[in-house]
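Listed below, chain by chain, are the residues.
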Amino acid sequence: MLLSSVYGKTLRDWRRGLLGWGLGIGGYLVMAVGLWPAYSQDAEVLESLVAGMPEAVKAAFGITDLSTAVGYLEAQIFSFTLPLLLLVFGIAAGARAIAGDEESGSLELLLAHPVNRRRIVLERFAALATSVAVFSLLVFLILAASDSLLGLGVGVGPVAAISVSLGLLGLLFGTLALAAGAATGARSVAIAAAVTVAAVGWAADSFGPLIEGLDWLQRLSPFYYYDAARPLRDGLNAAHAVLLALLTAAALAAGLWRFERRDVGL
Amino acid sequence: MTAVIRTQGLTKRYGQTVGIELLDLDVEAGQVFGFLGPNGAGKTTTMRLLLDVIRPTEGRAEVLGLDVAARSLDIRRRVGYLPGDLRLEGRVTAHEMLTFLGRLRGGVPQATISALAERLDLDLSRPIRALSKGNKQKAGLIQAFMHSPELLILDEPTGGLDPLVQQEFLRMVAEVARDGRTVFLSSHVLDEVERAAHRVAIIRDGRLVAVEDVVALRERAVRRIEIHFSEPVEAAPFAAIDGVVDVRVDDRVLECSVEGSVDALIKAAAVRTVVAIKTHEPDLEKVFLTYYAQERSDAAV
């Protein structure tokens, strides 16, 4: 079955990597959430610790209060580490999807078959989206189980909301790398483009609000639409989610437009 | 006869560098058509243009009567292609890769794949990335042949193959031609094209130098021949023979270049006692020079 389409073949080629990433993401999440009960014993110490932190540090790592479960999850897991893991996976897979294959020489053979370029890009994108969705689901399952086992008091809605937001963020950056790779054929350019957007976006989202008159800056960052609406507290912000999805679609369309018109594999 | 490949003024430039320039080429159905030229002459560029992997700067091309720019998908359905720079990777086995590529074409019977693998002596159960260069080349040939395409475009097909497999490959090519199907193959070695093809196009620096029947080409090919005699010989009687040039004698060894038939030279040599004859592969550069000289003298007339 997996050998019948570009989509299936791509997932098949990626399966070892996906298993590794799944174990890494799942293992990290289980461990990080599992530390909460021990953490919460020292709630008072943590609160005084947070009170003494510079605003820039708190903003950079999304720390508000570490004495509640939601505050802990936001600061320790969802503001930095887990998005970073998803971004690294997405960018690596996205850069490999077209540009990596082109550089290795295998794209030329595929292009000699009766498969049009649009289909190749869309099926590779679908494989990327499937992988990210699987990780999103994994995050949802682990967090929902932890929520009821450890009594974190988050609720299924917010757990689903943060999982979806995380997936949309990972897919956006993966698609940026895929699209930049499809447009240029260079894996290094694909990675550089996505990493640049990520670094600048993260800085704008973290430090923009701290600078007077520049607080609008964070609204240009994809990270703002990931967690500014506090999905772990208030559930999914539909407008923000749609915006992330639209950015993804725009990046994909731009990459596709260029890929259909350029020379492949030189 | 209908043209299976037809290019008109086909041009590909990369910035300032020329890939191919104003190429007009006609390949007729049922032929094995050789595309001969040194590395970097534009052979791969031409083939990639025919497959729509790259796009022309100017000019147009038709394959199987269909315009490449508009109908590439329909063309690719009916063409088998072996890239010149074939690099296969991945953990999947050769069998799985060929099955996948076959399904992109709507499915190829397992028996066909197995039969081809047996002919070329390839173990299909091994992972693609673990195959040697020659075995990867065999997998590449199988994917090009397996759906019995009307046209095969093969870029340097014998690279990395050992002589026995090359023989089998030549038989496969001959069978395709017997079916009335067409093969367009490139090489930078004259002998290889001579053995496989009926007609040959010679390309150099992106320009088509000549299109000839192989028989005619062979007649014009300049061969370097070395004859060892039992006794010292004179140069003069050999230099007088028509088609023999560049004669050098060193005691008992005669060296010369022969254009076309070597018959007269051999008969002249046979008068004496011949110890050994060595012939060198026709030098492609010399073949080109012959054609350039021809072009110039034609222009002078």
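Model, not experiment: these values are computed from the prediction. (Residues numbered from 1 in each chain as written. Chains lettered and ligands numbered in written order. Predicted model: local features only at pLDDT ≥ 70, side-chain atom pairs only at ≥ 80, totals over all residues. Heavy atoms only, no water.)

### Here's the deal with the overall build of chain A
Counted only if it meets this: Numbering of helices and strands runs from the N terminus, with a helix taken as a DSSP run of H or I at least four residues long and a strand as a DSSP run of E at least two residues long. For this measure, only C-alpha atoms enter the radius of gyration; the expected value for a globule follows 2.2 Å times N^0.38, where N is the number of residues.
Across its full length, chain A holds 13 helices and zero strands. When its helices and strands are written in sequence order, chain A yields α-α-α-α-α-α-α-α-α-α-α-α-α. Taken over the C-alpha trace, chain A has a radius of gyration of 20 Å; the compact-globule value for 266 residues is 18 Å, and the two agree within 12%. For the C-alpha atoms alone, the extent of chain A along its principal axes is close to 65 × 45 × 30 Å.

### So, the sheet that holds strand β7 (residues 151-155) of chain B
Residues and elements named next belong to chain B. For clarity, the cut-off: When DSSP finds at least two bridges between two strands, those strands are taken to pair. Geometry is summarised by axes, namely lines fitted to C-alpha atoms with helices restricted to the contacting stretch, and by angles between N-to-C directions that run from 0 to 180 degrees. Every residue pair with non-hydrogen atoms within 4.5 Å of one another is taken to be in contact.
Reading across from one edge, β6-β7-β8-β3-β9-β10 is the order of the six strands in this open sheet, with mixed pairing throughout. The sheet is open, and its two borders are formed by β6 (79-82) and β10 (207-213), each paired with just one other strand. Ignoring which end each strand starts from, the neighbouring axes of this sheet average 15° apart. In this structure, β7 lies alongside strand β8 (residues 182-187), joined through five bridges in parallel fashion. Counterpart to Ile-153 in the pairing with β8 is Phe-184. The sheet strands contacting helix α1 (residues 43-50) are β3 (32-36), β6, β7, β8 and β9 (199-204), and the helix crosses β8 at an angle near 145°.

### Looking at the interface of chain B and chain A
Selection criterion: Here the quantity called buried area is the total loss of accessible area, with a 1.4 Å probe, experienced by two parts when brought into contact, counted for both. Salt bridges, as used here, are contacts in which a Lys or Arg side-chain nitrogen is within 4 Å of a carboxyl oxygen on Asp or Glu. Side-chain atoms alone can form a polar contact between residues adjacent in sequence; in general such a contact is a pair of N or O atoms within 3.5 Å, and within protein one must be able to donate a hydrogen while the other accepts it.
Contacts between chain B and chain A engage 27 residues on the former and 31 residues on the latter. Approximately 2700 Å² of surface area, both sides summed, lies buried where chain B meets chain A, with 56% of it carried by carbon and sulfur atoms. Ranking the residues of chain B by area buried against chain A places Val53(B), Phe100(B) and Leu104(B) at the top, with a combined share of 23%. Between the two partners, chain B and chain A, sit three salt bridges. Across the salt bridge formed by Asp263(A) and Lys12(B), the nearest N and O atoms sit 2.5 Å from each other. Where chain B touches chain A, the interface holds 14 residue pairs in polar contact (both at pLDDT 80 or more). Of all elements in the fold, only β1 (3-14), α2 (68-77) and α3 (94-104) of chain B reach the threshold of two or more residues within the side of chain B that touches chain A.

### Here we look at the sheet that holds strand β13 (residues 253-259) of chain B
All names here are of chain B. Strand order in the open sheet formed by four strands is β12-β13-β11-β14, with antiparallel pairing between adjacent strands. Both edges of this open sheet fall to β12 (244-250) and β14 (274-279), since each of them pairs with a single strand only. Ignoring strand direction, the axes of neighbouring strands in this sheet form an average angle of 15°.

### A short note on helix α1 (residues 6-34) of chain A
Operational definition: A helix's residues, less one, multiplied by 1.5 Å, set its expected span. We define the bend at each residue as the angle formed by axes fitted to the 7 residues ending at it and the 7 residues starting at it.
With 29 residues, α1(A) should cover 42 Å at 1.5 Å per step; its first-to-last C-alpha distance of 39 Å lies within 8% of that length. The largest bend along α1(A) reaches roughly 55° and is located at Arg15(A).

### Some words on the packing of aromatic side chains
What counts is decided by this rule: When the centres of two rings from Phe, Tyr and Trp lie within 6.5 Å, Trp using its six-membered ring, the rings pair. Their planes under 30 degrees apart give stacked, over 60 give edge-to-face, and anything left gives tilted. Accessible area is worked out with a 1.4 Å probe on protein chains only. A residue is then buried under 20% of its type maximum, exposed over 50%, and partly exposed in between. For a lysine, the NZ atom is tested; for an arginine, the CZ atom; a charge sits over a ring if that atom is within 6 Å of the ring centre and within 35 degrees of the ring normal.
Applying the stated criterion to the full structure yields 12 aromatic pairs over all chains. Each ring, one from Tyr39(A) and one from Tyr72(A), has its centre 4.7 Å from the other, and the planes form 55°; the classification is tilted. Residue Tyr39(A) is found in helix α2 (residues 36-40), and its partner Tyr72(A) is found in helix α5 (residues 69-78); the two are separated by 33 residues along the sequence. Judged by its relative accessible area of 27%, Tyr39(A) is partly exposed. Ring centres of Trp202(A) and Phe207(A) lie 6.2 Å apart, and the angle between their planes is 80°; on these two criteria the pair is classed as edge-to-face. An aromatic cluster is present here, built from Trp21(A), Phe89(A) and Phe135(A) joined pairwise through their rings. The positively charged end of Lys9(A) is found above the aromatic ring belonging to Phe100(B), 5.0 Å away from the centroid.

### Side note on a nonpolar patch on the surface
We count it as follows: Patch membership needs two things, relative accessible area over 30% and no salt bridge, and members are linked within 9 Å if like-charged or within 5 Å if nonpolar (Val, Leu, Ile, Met, Phe, Trp, Tyr). Here the Shrake-Rupley method, with its probe set to 1.4 Å, supplies the accessible areas, and only the displayed protein chains count as covering residues.
Side chains of Phe207(A), Leu210(A) and Ile211(A) sit close together on the surface and give an oily, nonpolar patch of about 240 Å² of accessible area. Tracing the sequence through the fold places Ile211(A) in the loop between α10 (187-207) and α11 (222-227).

### Structural notes on the packing of α1(A) against helix α6 (residues 81-104) of chain A
All names here are of chain A. Just so we agree on the cut-off: Roughly parallel here means an angle under 35 degrees, roughly antiparallel means over 145, roughly perpendicular means 65 to 115, and every remaining angle is called oblique. Amino acids outside the nonpolar list (Ala, Val, Leu, Ile, Met, Phe, Trp, Tyr, Cys, Pro) and the charged list (Asp, Glu, Lys, Arg) are all regarded as polar, and Gly is one of them.
Contact geometry of α1 with α6 gives a least axis separation of 10 Å together with a crossing angle of 175°. One way to sum up the angle between α1 and α6 is to call them roughly antiparallel. Residues Asp-13, Trp-14, Leu-18, Trp-21, Ile-25, Tyr-28 and Leu-29 of α1 lie in contact with α6, whose contacting residues are Thr-81, Leu-82, Leu-85, Leu-86, Val-88, Phe-89, Ala-93, Arg-96 and Ala-97. For the contact of α1 with α6, a count of residues per class yields 13 nonpolar, one polar and two charged.

### What to know about the pattern of salt bridges
Overall, the coordinates contain 31 salt bridges over all chains when judged by the stated rule. When the shortest N-O distance is used, the salt bridge between Glu102(A) and Arg262(A) registers 2.6 Å. Separated by 160 residues along the polypeptide, Glu102(A) in helix α6 and Arg262(A) in the segment after α13 (238-259) bring together distant segments of the chain. Here Glu102(A) and Arg262(A) have matching classes, each one buried. Salt bridges sharing common partners tie together Arg119(B), Glu168(B), Arg171(B) and Glu175(B).

### Structural notes on α13(A)
Residues and elements named next belong to chain A. End to end, α13 covers 31 Å across 22 residues, agreeing with the expected 32 Å (1.5 Å per residue, within 8%). As for α13, its buried residues are in contact with α6, α7 (106-111), α8 (117-150), α9 (156-184) and α11. For α13, the capping residue at the N-terminal end is Asn-237, with a side-chain oxygen 3.0 Å from the backbone nitrogen of Ala-239.

### Notes on the pairing of β9(B)
All names here are of chain B. Burial analysis of β9 places five of its six residues in the buried class, the great majority of the element. Strand direction decides the pairing type here: β3 and β9, joined by four bridges, are parallel. The partner of Phe-35 across the bridge, within β9, is Ala-201. Of the pairings in the sheet, the one linking β9 to β10 comprises six bridges and is antiparallel in character. Bridge pairing in β10 places Arg-204 opposite Arg-207. The hairpin formed by β9 and β10 contains two residues between the paired strands, and Asp-205 there has a positive phi angle of roughly 50°.

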